[in-house]
Every structure is written in C-alpha cells, then in structure tokens.
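Listed below are the residues making up each chain.
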Amino acid sequence: MVSDETHNKTAKSIKDSLDWIKKGIPQLTGVVEAFAELLVAKSIAKSQISTPGFSNVEIDVARFSQGVPVLDDRKIEVDRDSFRTVALLLIPAIKKGFPKIDVDLNRLESFVANDETAMEQLRPALESGSATILGDMAVKLGISPEILQFVCSELAKPFAEKAEEAIAPMIEGLNWLKGYCPVCGAWPTVSVLKGNEGRRFLNCSVCGHEWNYMRTQCHFCENNDTTKQEIIFSEDRKFEYAELCHSCKKYIVGLDTRNLISPPHPSTAPIGLIYLDVLAQERGFTPGATVSMFRDLTF
Ligand SMILES: [Zn+2]
Ligand SMILES: [Zn+2]
C-alpha cells in the first residue's frame with residue numbers, strides 16, 4: 001500500500017503537469033481533460049492495492065542479460081477483489097472523460113459490479129489481449145471490442161506499476177541493452193533526455209519502468225545509422241520532439257527535460273506530446289508501443 005502522503009503528492013504532480021500542458025498548448029485542453037480523471041483514478045487505484053505476487057522471484061541474470069524481460073516467464077498473482085476495486089474506480093473515470101462511449105462503459109461497469117464471476121470471465125481477455133478472445137467477450141457483453149481492449153489495458157496498469165516497484169530494485173545495476181522494457185517487455189511510449197549530459201531514458205507504456213538507452217540508436221530496430229534517423233519538432237517548443245526511424249518507419253515522442261524547471265509527471269507526458277504523434281503519423285510513421293496485456297494473470 002502507498003501512504004496517503006505519497007498518493008497526494010502523485011495526484012498533485014499529475015494535476016500540475018496537466019495544467020502545465022493546457023497552459024502551454026491550449027488546443028490540447030479537451031484531450032487533457034478527457035484523460036485527467038483516468039490518470040488520477042489510476043493513481044488512487046495504485047494506492048489501494050497490494051503488490052501482486054510472482055510465481056518466481058529470482059532473477060535469472062543470464063537470461064536477463066540476453067534480453068528476456070523479468071516478467072516474461074512469471075505468473076502475476078492478482079486477487080480478484082483488488083481487480084474489482086480497480087475496475088470500479090477506473091471505469092467511472094473513463095466514463096467521465098469519454099462520455100460518448102458511456103453506453104458501453106455502463107454495460108461493462110454493471111457486469112463487473114453485479115456478476116460474481118465477472119473477473120473470471122474477463123481474465124482471458126486481460127491475459128492475452130488476443131483480438132479473437134477480446135472480440136468474443138465484447139460480443140457477449142454487447143460492447144465494442146476496441147473499448148473493451150482499451151479498458152482492459154488500463155485495468156492492468158496499476159498492477160503492472162506495483163509489480164515494477166517490486167522488480168526495479170532487483171535489476172538495478174544489471175545491464176539491459178534492449179529497446180523494450182526489462183520488467184514487462186512492452187515498448188516505451190516516451191523517450192526522455194535528462195541530466196547535464198542529456199542521457200536518454202525510455203519510459204514503459206505498461207509498467208512505467210524507465211531505463212537508460214543509447215541516444216544514437218533506434219530502440220525498435222537497433223539501427224544506429226544516424227542518417228536514417230530524424231527529429232521533428234515545433235519551432236516554439238523545441239524541447240518536445242518525435243524521433244523518426246527511416247529504417248523501420250517507427251517513431252517515439254520525446255521530451256528534453258534538461259531546461260524544464262519541473263518536468264511533467266511521466267504518466268502525463270504522452271498526452272502533451274499528442275500533436276507530435278499526429279505529425280509523425282501524417283508522415284507515414286507508426287508508434288511502436290501497442291497495448292500490451294499480462295500474459296499469465298492469475299486470481
Ligand atoms: Zn514495463
Ligand atoms: Zn528503427
């Protein structure tokens with residue numbers, strides 16, 4: 001569990017970061033407000049759950065150094081009540097931010113609240129992220145598969161973040177040279193430059209883990225030919241950019257925090273950089289981070 005003080009600090013940091021984005025780019029106000037409730041609800045959810053258990057807590061250093069993420073072969077044990085708590089905090093928050101999909105969200109919320117076996121029924125969709133399984137469950141519930149996928153991926157995140165907090169100290173100091181997350185294996189959503197030397201860190205889209213990665217190499221395809229890499233940015237916000245790779249045609253948005261007085265909370269950074277996603281995608285590049293689920297979730 002997280003203390004109230006820690007939780008309040010996180011909630012304040014999220015709110016301040018969202019205000020900073022709105023002030024800097026007023027056009028993003030609608031997007032910021034849509035995600036604000038969800039971000040705060042996720043932080044509350046995280047403060048109310050315990051760290052999930054793992055089937056095996058030993059780190060296999062040899063496998064890890066070959067690029068196998070810690071959670072690759074482990075089951076995450078999440079208790080059913082925690083899952084229901086998180087679902088009943090997050091679904092209403094998503095509803096507030098995205099009122100256009102509230103009919104589907106109401107159906108899902110009432111299923112979770114009223115059906116004793118809801119969590120068991122949702123488990124295959126949560127575990128696999130498979131389009132077929134999600135599609136079958138969505139038909140059963142009478143909701144859109146895209147909405148179900150979005151909600152499932154958000155529900156997994158507080159547990160993934162708690163798992164990350166437990167695992168991060170175990171891998172501190174170990175070498176990791178991959179562009180995907182050493183904890184959960186997901187791709188990062190944002191690349192951040194920090195410190196006097198401008199070291200580059202990647203931030204995981206699922207568990208929030210941050211790890212150091214070479215500046216001159218594409219973290220997707222490991223191409224280090226700088227003539228195939230391009231940075232795009234807006235002239236008036238040069239500290240925000242998208243890194244494009246002409247070799248694999250993927251991109252990641254980035255933030256240079258070196259001259260920022262208070263860098264935004266990592267969970268909010270991708271929202272403030274959405275305009276760069278638009279620019280990169282208009283040029284035919286695709287984001288690398290896709291929705292990732294727990295592969296072996298157990299209740
Ligand atoms: Zn991760
Ligand atoms: Zn690449």
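The residue numbers shown here count from 1 along each chain, following its written sequence. In the order they appear in the text, chains get letters beginning with A and ligands get numbers beginning with 1. With pLDDT at 70 or above as the cut-off, local features in this predicted model cover only qualifying residues; side-chain atom pairs require 80 or more to be listed or tallied, and sums for whole chains, interfaces and linings still use all residues. The side-chain values count all of the structure's non-hydrogen atoms but skip hydrogen atoms and water molecules.

Re helix α1 (residues 4-24)
- The first and last C-alpha atoms of α1 sit 30 Å apart over 21 residues, in line with the 30 Å expected at 1.5 Å per residue.
- All of the buried residues in α1 are His7, Ala11, Ile14, Ser17, Leu18 and Ile21. Angular distribution of buried residues about the axis of α1 spans 125 degrees; they occupy a single face of the element. The exposed set on the far side of α1, more than 90 degrees from its buried face, consists of Glu5, Lys9, Lys12 and Lys23. Secondary structure elements follow DSSP: runs of H or I of four or more residues count as helices, runs of E of two or more count as strands, with numbering from the N terminus. Between the first and last residue of a helix there are one fewer steps than residues, each counted as 1.5 Å, and that sum is the expected span. Relative accessibility decides the category of a residue: with a 1.4 Å probe and only protein chains considered, values under 20% of the type maximum give buried, values over 50% give exposed, and everything between is partly exposed. To be clear, the arc concerns the directions from the helix axis to the C-beta atoms.

Description of the coordination of the zinc ion (ligand 1)
- Sodium, potassium and calcium take a 3.2 Å donor cutoff, other metals 2.8 Å, and in both cases only N, O and S atoms count; water is not among them, so sites may look incomplete. Of the protein atoms, only Cys181 (SG), Cys184 (SG), Cys204 (SG) and Cys207 (SG) coordinate the zinc ion (ligand 1), at distances of 2.3 to 2.4 Å.
- Only two sets of limits are used to name each site, 85 to 135 degrees for every angle of a tetrahedral four-donor site, and over 155 degrees for opposite donors with all other angles from 65 to 115 for a square planar four-donor or octahedral six-donor site, with any other site named irregular. Here the zinc ion (ligand 1) binds four donor atoms, and the angle range of 99 to 121 degrees at the metal identifies the geometry as tetrahedral.
- Summarised as a motif, the one-chain spacing of the donors to the zinc ion (ligand 1) is C-x2-C-x19-C-x2-C. One end of the pair, Cys184, is in the loop between α8 (145-171) and β3 (188-194); the other, Cys204, is in strand β4 (residues 199-204), with 20 residues separating them in the sequence. For the residue pair Cys184 and Cys204, the accessibility class agrees, reading buried in each case.

Quick word on the packing of aromatic side chains
- By convention, a stacked pair of Phe, Tyr or Trp rings (six-membered ring in the case of Trp) has centres within 6.5 Å and planes under 30 degrees apart, an edge-to-face pair has planes over 60 apart, and any other such pair is tilted. The final tally for this structure, using the stated rule, is eight aromatic pairs.
- On the basis of an interplanar angle of 85 degrees and a centroid distance of 5.6 Å, the ring pair of Trp176 and Tyr180 is categorised as edge-to-face.
- Residue classification places Trp176 among the buried residues on the basis of a relative accessible area of 9%.
- What makes Tyr180 partly exposed here is its relative accessible area of 21%.
- An aromatic cluster is defined as three or more aromatic residues linked by ring pairs; in this entry it consists of Phe64, Trp176, Tyr180, Trp187 and Phe220.
- Over the ring of Phe201 we find Lys194; its NZ or CZ atom is 5.1 Å from the centre of that ring. Placement of a charge over a ring requires the Lys NZ or Arg CZ to be within 6 Å of the ring centre, with the centre-to-atom vector within 35 degrees of the ring normal.

Some remarks on the pattern of salt bridges
- The term salt bridge refers to a pairing of a side-chain nitrogen on Lys or Arg with a carboxyl oxygen on Asp or Glu at a separation within 4 Å. In this structure the tally under the stated criterion is 17 salt bridges.
- Between Lys22 and Glu33 there is a salt bridge; the shortest N-O distance is 3.3 Å. In this pair, Lys22 sits in helix α1 while Glu33 sits in helix α2 (residues 29-48), placing the two residues eleven residues apart along the sequence.
- With a closest N to O distance of 3.2 Å, Glu154 and Lys157 form a salt bridge.

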